[in-house]
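# Fold and contact review
Chain residues, written in single-letter form:
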Amino acid sequence: PRDWSSDVCSSDLRDWCEGELGKPYDYTALAPLNVLIPRTKKFWKDHKQWMCSEFCAYGLETLGIELFSDNHKKIKPSDLFDAIKNCPKAKLVKE
């Protein structure tokens, strides 16, 4: 298996994650269809606040794994799981 801790890209990912510390959670992303609580973000890559799956998807992009277009509105956890499952660069490791 690949040792990500020694890769330059993992350092970039760590630096990016640390730079995002303190940003608010995007609670508006949790509302079904965003009818009752309108979403404040127009696109998923908006750095003002994060939903967990969008944070992870952006982190994967820093490693060169682009799963969603820039103009994608919202990435739900199930969207991220499906994208990773169908990504040729991703490999499920069972231990």
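In this report, the structure presented in the accompanying data block is examined. (Residues numbered from 1 in each chain as written. Predicted model: local features only at pLDDT ≥ 70, side-chain atom pairs only at ≥ 80, totals over all residues. Heavy atoms only, no water.)

The next subject is the overall build of the protein. The helix and strand tally for the protein stands at 3 helices and 0 strands. Secondary structure elements of the protein occur, N-terminal to C-terminal, as α-α-α. Here the protein holds 95 residues, and 32% of them are scored as buried. Sequence separation of 24 or more characterises 53% of the internal contacts of the protein that already satisfy a separation of 6 or more. (Helix = DSSP H or I, 4+ residues; strand = E, 2+ residues; numbered from the N terminus. Buried < 20%, exposed > 50% of the residue type's maximum accessible area, 1.4 Å probe, protein only. Contact = heavy atoms within 4.5 Å.)

On to the nonpolar core, then. Counting 9 residues, the largest nonpolar core is built from Trp16, Trp44, Trp50, Ala57, Tyr58, Phe68, Ile75, Leu80 and Ala83. Breaking this core down by element, the ones donating at least two residues are α2 (52–62) and α3 (77–85). Here Leu80 is in contact with Ser53, Cys56, Ala57, Leu60, Leu67, Phe68 and Ile75, once residues within four sequence places are set aside. (Core = buried A, V, L, I, M, F, W, Y, C linked by side-chain atoms within 4.5 Å.)

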